[in-house]
Amino acid sequence: MNQAKKLYLETFGCQMNVSDSEKIVALMKGIGYQRTDDPHHADLVLLNTCSIRATAEQRVYGHLGKFKSIKGGRPGLIIGVGGCVAQQEGEKLLKKAPFVNLVFGTHNLHLLQKMVTAAEEGRRSIETDFLDDEKRFDLFPLSDSEGGVTRFVTVMQGCDNFCAYCIVPHVRGREISRSAARVVEEVRALAAAGVTEVTLLGQNVNSYSCKTPGEPGFPDLLRLVAGVEGIERIRFTTSHPKDISPELIACFAEIPELAPHIHLPAQSGSDQVLRRMNRGYTRADYLAKVAALKDACPEIQITGDIIVGFPGEDEAAFQETLALMEEVQYADLFSFIYSARPGTKAADYADDATRAEKQGRLERLQAVQKKTTLARNRSLEGTVQRVLVEGLSSSGDCLFGRTGGNRGAIMDGDPSLAGRVLEVRITEGLQTILKGEILHV
Ligand code: 5AD
Ligand code: SF4
């Protein structure tokens, strides 16, 4: 009997890449590859890469070195690089890493089977053209999912915002939305396969279909997805503060399936920095949207992203960011030191803060957030939360799930409860997790 060929796949970066990797696994299955966790036994190694910060990009080259040495002892090994670094580097990557067989950009997953087959026959290939149609969304048999009760569903891709620091519009291309009918079709197929939670995914979901006359906008899409039989919970990410409309905010009060959580990256609390970042909103605009969200949905949990050390950020501007955090009370915050990306507007800005100053700001900010996160988790003690059970916890001795507010929770219970939304009383709020007990099944 033919033994299945083995795929070793590594994914870097954002949720869009995680979602693309799910598609890659399904596509490779279609041409006879089964996944392995051990690159030493692989016939095909694929890296799905991220270039959002220089560190993410350097990591890719570090990993490629590792696979080069594995290939030394296993000459037939096919190595492919996809995602944002592949998009950005293109031909350069093939030159810098001659042991790489194929390079595929962010719009080229639909060509991947053909490219791998060519590599099996000894041909190298590269595909990095941008597509302006829906072809890139619709790739694989939907019911062929890897299991699990929660899945991403891509609703739009690309970004037209050109924030001054951001490489995404350069490597993911212009915004394109998928038709609502295709989104609903995918959600139905997932629900039929046992999925109970979907996260609608896009670089800027709030501008979903803005450029496609006649198609429903994002609030209508949420209503359509909420109507799919079997879907108990909907999330979406990522939102741009300038594009979140009163109608979308009202959805948090109106649609019971919409989880009370929003990821709303502020990036900075200083108007001067926000202007230089080309974010299109002021600190006051951002805070007004946060207030409206809390008004519509008092239990909403807000998470965000902050960049420290953006060119021109001084201590006073940084203090404004800390004050904004104080006011918003983020449930969790992702924070980064600014990293200049080639081809972006800010790459030309004079950058005067020292590395030590930036590192210091990051540490101070993270210390503030750590206290807020713990306080917020503690404040949930004694409350009853609706937890979607995802399965066994990583230690394997209890169940893991998420509250509507997207806080991780562990509790005792039977693994057969996976996929159910249950009432759980929170007994302890720790720094990174909640502990709870199931009230009834
Ligand atoms: N440097 C540092 N952080 C960045 N991000 C995006 N571009 C950069 C950059 N050049 C952060 C933003 C964004 C998150 C995904 O990554 O905070 O919201
Ligand atoms: Fe990047 Fe700004 Fe687009 Fe987000 S909205 S992907 S930060 S350019």
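What you see is a predicted model, and the numbers here were worked out from it, not measured in a lab.

Colleague: Help me understand the site of ligand 1 in this model?
Modeller: Around ligand 1 lies a shell formed by I52, R53, Y165, Q267, D305, I307, F336, I337, Y338, S339 and R341. Here D305 contributes a side-chain N or O atom positioned 2.6 Å from an oxygen atom of ligand 1. The backbone of S339 places a nitrogen or oxygen atom 2.7 Å from a nitrogen atom of ligand 1. Secondary structure elements with two or more residues in the shell around ligand 1: β13 (301-308) and β14 (332-337). Along the lines of polarity and charge, the residues of the shell around ligand 1 split into six nonpolar, two polar and three charged.

Colleague: Explain the domain arrangement of the protein to me, please; I cannot follow it from the model alone.
Modeller: Interface size is commonly expressed as the accessible area that is lost once the parts come together. Taken domain by domain, the protein holds domain 1 (5-127), domain 2 (132-259), domain 3 (263-379) and domain 4 (384-438). Placing a centre on the C-alpha atoms of domain 1 and another on those of domain 3 gives a separation of 34 Å. Counting from both sides, the interface comprises six residues of domain 1 and, opposite them, five residues of domain 3. Counting the surface lost from both domain 1 and domain 3, the interface buries some 410 Å², and carbon and sulfur atoms represent 42% of this. Summed over the three residues of domain 1 that lose the most area to domain 3, namely R53, A54 and Q88, the buried surface amounts to 77% of that side. Connecting domain 1 to domain 3 are one salt bridge. Here E57 ties to R341 by a salt bridge, and the two come within 2.4 Å at their closest N and O atoms.

Colleague: What is the right way to look at the packing of helix α7 (residues 180-192) against helix α8 (residues 218-226) in this model?
Modeller: Any two packed helices are characterised by the angle at which their axes cross and by the distance between the axes. In contact at an axis separation of 10 Å, α7 and α8 are set at 30° when each is read in the N-to-C sense. Judged by the inter-axis angle, α7 sits roughly parallel to α8. Pair α7 / α8 crosses with right-handed handedness. From α7, A180, V183, V184 and V187 reach across to α8, where they touch L221, L224 and V225. Residues of the contact of α7 with α8, tallied by class, amount to seven nonpolar, no polar and no charged.

Colleague: Would you mind showing me how to read the sheet that holds strand β2 (residues 33-35) here?
Modeller: As summarised here, the arrangement of the six strands in space is β2-β1-β3-β4-β5-β6, forming an open sheet in which the pairing is parallel. The open sheet terminates on both sides in strands that have one partner only, identified here as β2 and β6 (125-127). Across the sheet, the mean angle from the axis of one strand to that of its neighbour is 20°, orientation sign disregarded. Sheet topology note: the strand β4 (residues 78-82)/strand β5 (residues 102-104) ladder contains three bridges and is parallel. In the sheet register, G82 faces β5, and the bridge partner there is F104. Strand contacts of helix α2 (residues 54-72): β1 (5-11), β3 (44-49) and β4, with the helix running at about 175° to β3, the strand carrying the most contacts.

Colleague: I tried to follow the layout of surface pockets on my own but got confused; where do I start?
Modeller: The rolling of a water-molecule-sized probe over the atoms marks out the regions of remaining empty space. Taken as a whole, the second largest pocket spans an internal volume of roughly 390 Å³. What lines the second largest pocket is a set of 20 residues, among which P260, E299, Q385, R386 and G404 lie closest to the centre. The dominant element in the lining of the second largest pocket, judged by the number of residues it contributes, is strand β15 (residues 384-392), at three residues. The residue makeup of the lining of the second largest pocket, split by class, is ten nonpolar, five polar and five charged.

Colleague: Which parts of the structure should I look at to understand the site of ligand 2?
Modeller: Around ligand 2, the neighbouring residues are C159, N161, F162, C163, Y165, C166, V168, P169, H240 and R279. Residues belonging to the shell around ligand 2 are distributed by class as follows: seven nonpolar, two polar and one charged.

Colleague: It is not clear to me how the nonpolar core should be interpreted in this structure. Could you clarify?
Modeller: Nonpolar side chains tend to gather and get buried jointly when the protein is soluble and globular. Core analysis: the biggest nonpolar cluster contains 54 residues, and V198, L200, F218, L222, F236 and Y286 have the highest contact counts within it. The element that contributes the greatest number of residues to this core is α7, accounting for six residues. Taken together, domain 2 (132-259) and domain 3 (263-379) each give at least three residues to this core, which thus spans both. When near neighbours in sequence (up to four residues on either side) are disregarded, L200 contacts V153, V155, V205, F218, L221, L222, V225, I234, R235, F236 and T237. Membership of the second largest hydrophobic core comes to 22 residues, among which are V85, L94, F99 and V103.

Calculation notes
Residues numbered from 1 in each chain as written. Chains lettered and ligands numbered in written order. Predicted model: local features only at pLDDT ≥ 70, side-chain atom pairs only at ≥ 80, totals over all residues. Heavy atoms only, no water. Near = heavy atom within 4 Å. Polar contact = N/O pair within 3.5 Å; in protein donor to acceptor, adjacent residues only side chain to side chain. Helix = DSSP H or I, 4+ residues; strand = E, 2+ residues; numbered from the N terminus. Nonpolar A, V, L, I, M, F, W, Y, C, P; charged D, E, K, R; others polar. Domains from an automatic or database assignment. Contact = heavy atoms within 4.5 Å. Buried area = accessible area lost by both parts, 1.4 Å probe. Salt bridge = Lys/Arg side-chain N within 4 Å of Asp/Glu carboxyl O. Axes fitted to C-alpha atoms, helices over the stretch in contact; angles between N-to-C directions. Parallel < 35°, antiparallel > 145°, perpendicular 65-115°, else oblique. Left-handed = near helix turned anticlockwise from the far one by under 90°. Pairing = 2+ DSSP bridges. 1 Å grid on protein atoms, 1.4 Å probe; cavity = no way out; pocket = protein on both sides within 12 Å on 5 of 7 lines; lining within 4 Å. Points joined across faces, edges and corners; volume = space filled by probe spheres on them. Core = buried A, V, L, I, M, F, W, Y, C linked by side-chain atoms within 4.5 Å. Buried < 20%, exposed > 50% of the residue type's maximum accessible area, 1.4 Å probe, protein only.

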